[in-house]
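Coordinates in review
Residues per chain, in single letters:
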Amino acid sequence: PHKVAAVDLLDEVSTAVKIAGSCNAVLRRADGTLAGDMFDGTGFARSLARKGFRVRGARCLVVGAGGVGCAIVASLAAEAAGSIALCDTDASAAEGLASRVRIHHPGVAVEIASSDPAGYDLVVNATPLGMKAVDPLPFDPARLSPSTFVGEVVMKQEITPLLDAARRRGCRYQVGTDMLFEMIP
């Protein structure tokens, strides 16, 4: 619960922390200084690689620019995604994230976009939509190509309605807990 507040207490932060604006791991060095990192996005990207998805050069859409969305975008940029489109109901959050990515990864094209998943290699639901059965879907799965890889962050249930729809379209996918399990190493 203190991921954001911890950042101001650190002596050194990783690029992921600079982009995400939060920290979930702190190392106390022998000299007493504190270094921080953010592993949420790393876990997500490691899971993608384990499932055979190559981020380098991929066209990515991330729906949700909150805490986990920021961390995932930081890792996609670090893995040299070809482009990253951001969509969030809070336009200023998406713009702020895009600005931070442009500063730290100038070679990655970043834009603000709609939630239309058509034309992307990777589409990520980084919103809480899917935690409740009555939630709307974060985007229209009918617009997914069967070649699109769909990533989910919701951990409350393994196959969310979004993943079920993506699976029925023939998409490869990763469940929310995959991110968590790949964060541990």
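Residue indices begin from 1 for each chain and proceed along its sequence in written order. Given that the model is predicted, a residue must reach a pLDDT of at least 70 before its local features are reported, and side-chain atom pairs must reach 80 or more before they are shown or counted; all residues, however, enter totals for whole chains, interfaces and linings. The side-chain figures draw on all heavy atoms in the structure; neither hydrogens nor water molecules are used.

Considering the pattern of salt bridges
Note the following rule: We define a salt bridge as a side-chain nitrogen of Lys or Arg found within 4 Å of a carboxyl oxygen belonging to Asp or Glu. Working definition: helices are DSSP H or I runs of at least four residues, strands are E runs of at least two. Numbering for both runs from the N terminus. Per-residue accessibility, obtained with a 1.4 Å probe over protein chains only, is compared with the maximum for each type, and a residue is labelled buried under 20%, exposed over 50%, and partly exposed between these values.
Counted according to the given criterion, the structure contains 8 salt bridges. A salt bridge links Asp40 to Lys3; the nearest nitrogen and oxygen atoms lie 3.1 Å apart. Within this pair, whereas Asp40 is found in helix α3 (residues 40–50), its partner Lys3 is found in helix α1 (residues 3–7), the two being separated by 37 residues in sequence. Judged by its relative accessible area of 8%, Asp40 is buried. Here Lys3 falls in the partly exposed class, since its relative accessible area comes to 34%.

With respect to the layout of surface pockets
Quick note on the threshold: Cavity means a closed set of points on a 1 Å grid over the protein atoms alone, one where a 1.4 Å probe fits but cannot get out, pocket means an open set with protein on both sides within 12 Å along at least 5 of 7 lines, and lining means a residue has an atom within 4 Å of a point. Grid points are joined across faces, edges and corners, and a volume is the space filled by probe spheres set on the points. Amino acids are sorted into nonpolar (Ala, Val, Leu, Ile, Met, Phe, Trp, Tyr, Cys and Pro), charged (Asp, Glu, Lys and Arg) and polar (every other residue, Gly among them).
The volume enclosed by the largest pocket comes to roughly 250 Å³. What lines the largest pocket is a set of 17 residues, and nearest its centre among them are Gly66, Gly67, Val68, Ala126 and Val153. Those elements giving two or more residues to the lining of the largest pocket turn out to be α1 and α4 (67–78). Each residue belonging to the lining of the largest pocket can be placed in one class, and the counts come to 9 nonpolar, 5 polar and 3 charged.

Considerations on the packing of aromatic side chains
Put simply, the rule reads: Only Phe, Tyr and Trp rings are paired, with Trp represented by its six-membered ring, and only when their centres lie within 6.5 Å; those with planes under 30 degrees apart are stacked, over 60 edge-to-face, the remainder tilted. Lysine and arginine charges are scored as sitting over a ring when NZ or CZ, respectively, is within 6 Å of the ring centre and within 35 degrees of the ring normal.
According to the stated counting rule, one finds 1 aromatic pair in the structure shown. Geometrically, the ring pair formed by Phe53 and Phe149 is tilted, given 5.4 Å between the ring centres and 50° between the ring planes. With Phe53 in the loop between α3 and β4 (59–63) and Phe149 in strand β8 (residues 149–152), the pair connects residues that are 96 residues apart, well separated along the chain. Residue classification places Phe53 among the buried residues on the basis of a relative accessible area of 9%. A cation over an aromatic ring shows up here: Arg59 above the ring of Tyr120, its NZ or CZ 4.7 Å from the ring centre.

Quick look at the sheet that holds strand β1 (residues 12–13)
What counts here: DSSP calls a pair of strands paired once it identifies at least 2 bridges connecting them.
What the 3 strands build is an open sheet, ordered β1-β3-β2; its pairing is mixed. The outermost strands of the open sheet, each flanked by one partner alone, are β1 and β2 (25–28). Note: β1 against strand β3 (residues 34–37), 2 bridges, orientation parallel. Paired with Val13 across the bridge in β3 is Gly36.

Notes on α4
Under the convention used in this document: Every helix has an expected span of 1.5 Å times one less than the residues it contains.
Here α4 contains 12 residues, and its C-alpha end-to-end distance of 17 Å stays within 8% of the 16 Å for a straight helix at 1.5 Å per residue. A large share of α4 lies buried, amounting to 9 of its 12 residues. If you check which residues of α4 are buried, you get Gly69, Cys70, Ala71, Ile72, Val73, Ala74, Ser75, Leu76 and Ala77. Positive phi shows up at Ala80, right after α4, with a value of about 65°.

Here's the deal with unusual backbone geometry
Positive phi outside glycine occurs at Ala80, with the angle close to 65°. Its place among the elements puts Ala80 in the loop between α4 and β5 (83–87).

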